[in-house]
Amino acid sequence: MYEFATGVINVWEKRLLSINDQERMLKAPDRASAFIVLFDTDLGEIIAGNMQKNLEDIFLEDLKALKRKLSYILDDKELLESFLLLKFDAFNLKAFLKKKFLGDEAKKFKPFEFSLEPAENILTEKCLNPHVQKLVNEALRALNNNKASGYLINSQAIEAAVDRAYFNIKSTIAKKEKALLEMVALEIDVANLRSFLGKEIEPFLTGGNLTVSQIESLANRKEENISSNLKKFLEVLELSFLLDESQSHHTKATLEKKLDSYIAKKIFQKEKEKGSGIEKVLAFFQRKMNSYANIRLILFAKENGLSVSEIEGSLLPL
């Protein structure tokens with residue numbers, strides 16, 4: 001089913017930001033020199049077309065082109081919509097719901113344009129994408145039920161309602177592919193761990209590999225019999241090492257990067273094991289997203305005179 005997509009991506013990935021490109025950017029003496037490296041990547045044509053574009057405009061134009069290209073090579077449109085793009089609608093929905101329920105208390109937010117539904121449509125009758133409609137309906141239903149029951153609608157409640165709806169949709173679509181189910185379960189575990197560490201522990205998202213007590217024990221670094229399930233044991237072991245490593249840096253941002261890296265590495269590991277198919281699509285998309293994050297960070301560092309050692313630990317895997 002993904003033979004054509006795999007072949008095309010094999011060609012596309014040759015022009016992605018590579019480890020060598022990234023090293024050249026890191027060793028460049030200044031921002032301008034680091035930026036020039038991008039001409040050797042798939043961003044080169046966009047940059048050459050208009051040298052006045054700022055970095056975010058370059059990324060946005062590239063993302064729009066990527067969306068069109070993926071739509072062309074993927075027969076399974078639900079993969080494109082629910083696994084690659086729906087998370088951007090979820091980000092937008094959280095922001096608009098906070099504005100709706102919290103008013104002036106909500107933080108200012110620039111909507112993601114790389115989404116299934118135009119941001120301005122998301123809470124209106126103009127919202128036509130079925131996955132986005134379901135996301136909105138489920139999240140609103142949960143929040144209205146909370147309100148009717150006398151619970152406070154705050155930022156944490158909105159985050160939890162949207163996350164639950166988002167993972168419900170992903171889990172339903174994932175049932176068609178074992179690899180997708182495994183990735184969703186890992187993402188849910190990481191989301192629950194993030195929530196627990198942020199003291200926002202309810203409601204717990206179901207569908208992950210780990211139970212509430214296992215997440216709590218992991219977050220508190222307590223020894224617990226995770227069960228005889230080797231997969232669960234190895235996952236907890238990896239996450240424990242990650243938490244211990246992040247603790248020495250004492251910043252929430254460091255932990256967030258480590259958790260993002262953990263998911264990315266799992267996706268790349270699956271691709272390496274399989275070498276083709278749906279794993280190839282997911283890995284290519286993840287590398288693309290990671291490349292944007294790393295380029296932003298490197299150029300910011302060059303512009304502000306930060307050393308390589310100060311940012312290397314925050315770079316995502318490619």
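Residues numbered from 1 in each chain as written. Predicted model: local features only at pLDDT ≥ 70, side-chain atom pairs only at ≥ 80, totals over all residues. Heavy atoms only, no water.

Undergrad: Lay out the overall build of the protein in plain terms, naming residues and giving numbers.
TA: On a plain count of helices and strands, the protein comes out with 14 helices and 0 strands. A burial count over the protein gives 48% of its 318 residues as buried. As presented, the protein carries roughly 16,900 Å² of accessible surface, and 52% of it is formed by carbon and sulfur atoms. (Helix = DSSP H or I, 4+ residues; strand = E, 2+ residues; numbered from the N terminus. Buried < 20%, exposed > 50% of the residue type's maximum accessible area, 1.4 Å probe, protein only. Areas by Shrake-Rupley, 256 points an atom, 1.4 Å probe, with all protein chains shown as cover.)

Undergrad: Please give an account of the pattern of salt bridges that cites residues and values.
TA: The tally for this structure, following the rule as stated, stands at 16 salt bridges. The partner of E13 in a salt bridge is K280, with the nearest N and O atoms 2.8 Å apart. In this pair, E13 sits in the loop between α1 (3-12) and α2 (19-27) while K280 sits in helix α13 (residues 278-303), placing the two residues 267 residues apart along the sequence. The closest approach of N and O atoms between E159 and K98, which form a salt bridge, is 2.6 Å. Of this pair, E159 sits in helix α8 (residues 155-174) while K98 sits in helix α6 (residues 77-102), and the two are 61 residues apart along the sequence. Residues joined by salt bridges that share partners form a network here, namely E13, E271, K280 and R287. (Salt bridge = Lys/Arg side-chain N within 4 Å of Asp/Glu carboxyl O.)

Undergrad: Describe the packing of α6 against α8, listing the residues and the values that go with them.
TA: Geometrically, a packed helix pair is captured by the angle between its two axes and the distance between the axes. Their axes nearest at 9 Å, the elements α6 and α8 cross at an angle of 160°. It follows from the interaxial angle that α6 and α8 lie roughly antiparallel. The interaxial crossing formed by α6 with α8 has right-handed handedness. Packed against α6, whose contacting residues are E78, S82, F83, L86, K87, A90, L93, K94, L97, K98, F101 and L102, the element α8 presents S155, I158, E159, V162, D163, Y166, I169, K170, I173 and A174 at the interface. Among the residues forming the contact of α6 with α8, the class breakdown is 13 nonpolar, 2 polar and 7 charged. (Axes fitted to C-alpha atoms, helices over the stretch in contact; angles between N-to-C directions. Parallel < 35°, antiparallel > 145°, perpendicular 65-115°, else oblique. Left-handed = near helix turned anticlockwise from the far one by under 90°. Contact = heavy atoms within 4.5 Å. Nonpolar A, V, L, I, M, F, W, Y, C, P; charged D, E, K, R; others polar.)

Undergrad: Tell me about the environment of N129, and please be specific about residues and values.
TA: For N129, the position within the fold is in the loop between α6 and α7 (130-148). Between the C-alpha atoms of N129 and L116, which are 13 residues apart in sequence, the distance is 7.0 Å. Not counting the four nearest positions on each side in its chain, N129 is found in contact with E81, L116 and E117.

Undergrad: Account for the nonpolar core, with residues named and values stated.
TA: A general tendency of soluble globular proteins is for nonpolar side chains to be buried together. M25, L70, L74, L79, L135, F285 and I295 are the most contacted members of the largest nonpolar core, which has 93 residues in total. A per-element tally of this core places α13 first, with 13 residues. With residues up to four places along the chain from it excluded, the contact list for L79 reads Y2, L74, L84, L180, I278, V281 and L282. (Core = buried A, V, L, I, M, F, W, Y, C linked by side-chain atoms within 4.5 Å.)

Undergrad: For the packing of helix α5 (residues 55-73) against α6, give the residues involved together with the corresponding values.
TA: For the pair α5 and α6, the least separation of the axes is 8 Å and the interaxial angle reads 145°. For the element pair α5 and α6, the recorded crossing hand is right-handed. Together, K67, L70, S71 and Y72 of α5 and K77, L80, L84 and L85 of α6 make up the contact between the two elements.

Undergrad: Can you lay out the packing of aromatic side chains for me, pointing to particular residues and giving the numbers?
TA: With the rule as written, the count across this model stands at 10 aromatic pairs. Ring centres of F88 and F91 lie 6.3 Å apart, and the angle between their planes is 80°; on these two criteria the pair is classed as edge-to-face. Note that F88 and F91 are positioned in helix α6 at a spacing of 3 residues, about one turn of the helix. In this structure F88 comes out as buried when scored by relative accessible area, which is 8%. An aromatic cluster is defined as three or more aromatic residues linked by ring pairs; in this entry it consists of F88, F91, F109, F112, F114 and F285. Here the basic side chain of K100 rests over the ring of F101, its NZ or CZ set 5.8 Å away from the ring centre. For the cation-ring pair, R287 lies above F268, with the distance from its terminal atom to the ring centre recorded as 4.2 Å. (Phe/Tyr/Trp six-rings, centres within 6.5 Å; stacked < 30°, edge-to-face > 60°. Lys NZ or Arg CZ within 6 Å of the ring centre and 35° of its normal.)

None of this, on its own, says anything about what the molecule does.
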